[in-house]
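Structural features, examined
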Amino acid sequence: MKIGELSARTGVSIRSLRYYDKQGLLTPTRLENGYREYSPFAEQQVRTIQLYLNLGLSTEQIAGFLHCVMKNKEAFCKEVVPVYREKLAEIEEQIALLSAVKSNLEERIRSIMEEDPPNQPLGGE
């Protein structure tokens, strides 16, 4: 199938499909005219790539185990768990940072509300 058909079937832009090709996630054959030709299997590959992108993984991370998960169940691919753990650690770090920012904002609001004279609208109106 041509790139336009793969794009239509998966809902993924042609630009993204070309990027996946460049990153080594998809390997179409090239026709004599230079057009990409994708196997019927490519549709499932793209859906799998999208799943992992939606988990917040990078194309580089996905490339490290995509071949394995396309052939086996995810549980049989030893490369997946370390990537998941790394991503989970990143998310936990982001949550901690956001919690600290939230606490700082809440404190600033409390401080402003305590200093604001009664019946005076905020913003100096």
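If you look the protein chain up in an unreviewed UniProt entry, it shows as DNA-binding transcriptional MerR regulator from Paenibacillus lactis.

**Some details on the packing of helix α1 (residues 3–10) against helix α3 (residues 41–54)**
The interhelical angle for the contact between α1 and α3, taken along N-to-C directions, is 50°, at an axis separation of 10 Å. Here α1 lies oblique to α3, going by the angle between them. Where α1 crosses over α3, the handedness of that crossing is right-handed. Residues L6, R9 and T10 of α1 form the contact with α3, whose own contacting residues are A42, E43, V46 and R47. Grouping the constituent residues of the contact of α1 with α3 by class yields three nonpolar, one polar and three charged.

**Describing the environment of Q44**
As for its position among the elements, Q44 is in helix α3. For Q44, a relative accessible area of 44% gives the class partly exposed.

**Considerations on the UniProt feature "coiled-coil region" (unreviewed entry) in the protein chain**
Residues annotated by UniProt as "coiled-coil region" (unreviewed entry) correspond here to residues 88–115. Helix and strand shares over residues 88–115 are 100% and 0% respectively, and the end C-alpha atoms of the span are 41 Å apart.

**Comments concerning the side chain of T59**
Here T59 lies in helix α4 (residues 59–63). Setting aside chain neighbours within four positions, we find T59 in contact with Y19, Q23, L25 and L53.

What counts, and at which threshold
Residues numbered from 1 in each chain as written. Predicted model: local features only at pLDDT ≥ 70, side-chain atom pairs only at ≥ 80, totals over all residues. Heavy atoms only, no water. Axes fitted to C-alpha atoms, helices over the stretch in contact; angles between N-to-C directions. Helix = DSSP H or I, 4+ residues; strand = E, 2+ residues; numbered from the N terminus. Parallel < 35°, antiparallel > 145°, perpendicular 65-115°, else oblique. Left-handed = near helix turned anticlockwise from the far one by under 90°. Contact = heavy atoms within 4.5 Å. Nonpolar A, V, L, I, M, F, W, Y, C, P; charged D, E, K, R; others polar. Buried < 20%, exposed > 50% of the residue type's maximum accessible area, 1.4 Å probe, protein only. UniProt positions renumbered as here; feature names shortened; annotations may be inferred.

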